[in-house]
Amino acid sequence: MILWTSGTGFSFPTKLPPTKLITNKEIIKVYIDSLFMRLHPTGNFNAYQHFYGHWYVPKGSKDSVFADGHPNDYAHKLISDEILKNIKEREDSSE
């Protein structure tokens with residue numbers, strides 16, 4: 001099982017509740033916000049949204065508009081790469 005979390009959405013390491021599920025060492029945990037902030041340590045919420053959110057340019061405008069805070073294509077690539085990296089590390093450590 002893989003558990004990934006995007007947590008707060010801004011610069012804080014995710015704090016998962018200490019349940020049996022979360023503390024189970026068999027479960028791969030991937031902390032996406034921590035990864036995002038390591039890659040682009042902006043310290044600024046607007047810049048964080050710029051890197052990882054959805055933007056578009058309305059018809060007749062030259063300026064981008066923030067549309068949605070869910071992960072964009074770039075963020076999804078980072079998420080999938082991080083999950084794959086964690087799976088490979090788990091496999092390598094079990095050999």
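Our subject in this report is the structure included herewith.

### Regarding the packing of helix α2 (residues 32–39) against helix α4 (residues 73–93)
So, step 1. It is at 11 Å that the axes of α2 and α4 come closest, and there the two elements cross at 115 degrees. Comparing their axes, α4 and α2 come out roughly perpendicular. Relative to α4, the crossing made by α2 is right-handed. The residues of α4 that touch α2, namely those facing I32, L35, F36, R38 and L39, are A75, L78, I79 and E82.
So, step 2. Of the residues in the contact of α2 with α4, the class split is 7 nonpolar, no polar and 2 charged.

### Examining helix α3 (residues 45–52)
So, step 1. For α3, the set of buried residues is Y48, Q49 and Y52. Projection of α3 onto a plane perpendicular to its axis shows the buried side chains occupying an angular sector of 100 degrees, all on one side. Facing away from the buried side of α3 by over 90 degrees, the exposed positions are N46 and H50.
So, step 2. On its buried face, α3 is in contact with α2, β3 (54–56), β4 (65–68) and α4.

What counts, and at which threshold
- Residues numbered from 1 in each chain as written.
- Predicted model: local features only at pLDDT ≥ 70, side-chain atom pairs only at ≥ 80, totals over all residues.
- Heavy atoms only, no water.
- Axes fitted to C-alpha atoms, helices over the stretch in contact; angles between N-to-C directions.
- Helix = DSSP H or I, 4+ residues; strand = E, 2+ residues; numbered from the N terminus.
- Parallel < 35°, antiparallel > 145°, perpendicular 65-115°, else oblique.
- Left-handed = near helix turned anticlockwise from the far one by under 90°.
- Contact = heavy atoms within 4.5 Å.
- Nonpolar A, V, L, I, M, F, W, Y, C, P; charged D, E, K, R; others polar.
- Buried < 20%, exposed > 50% of the residue type's maximum accessible area, 1.4 Å probe, protein only.
- Arc of directions from axis to C-beta.

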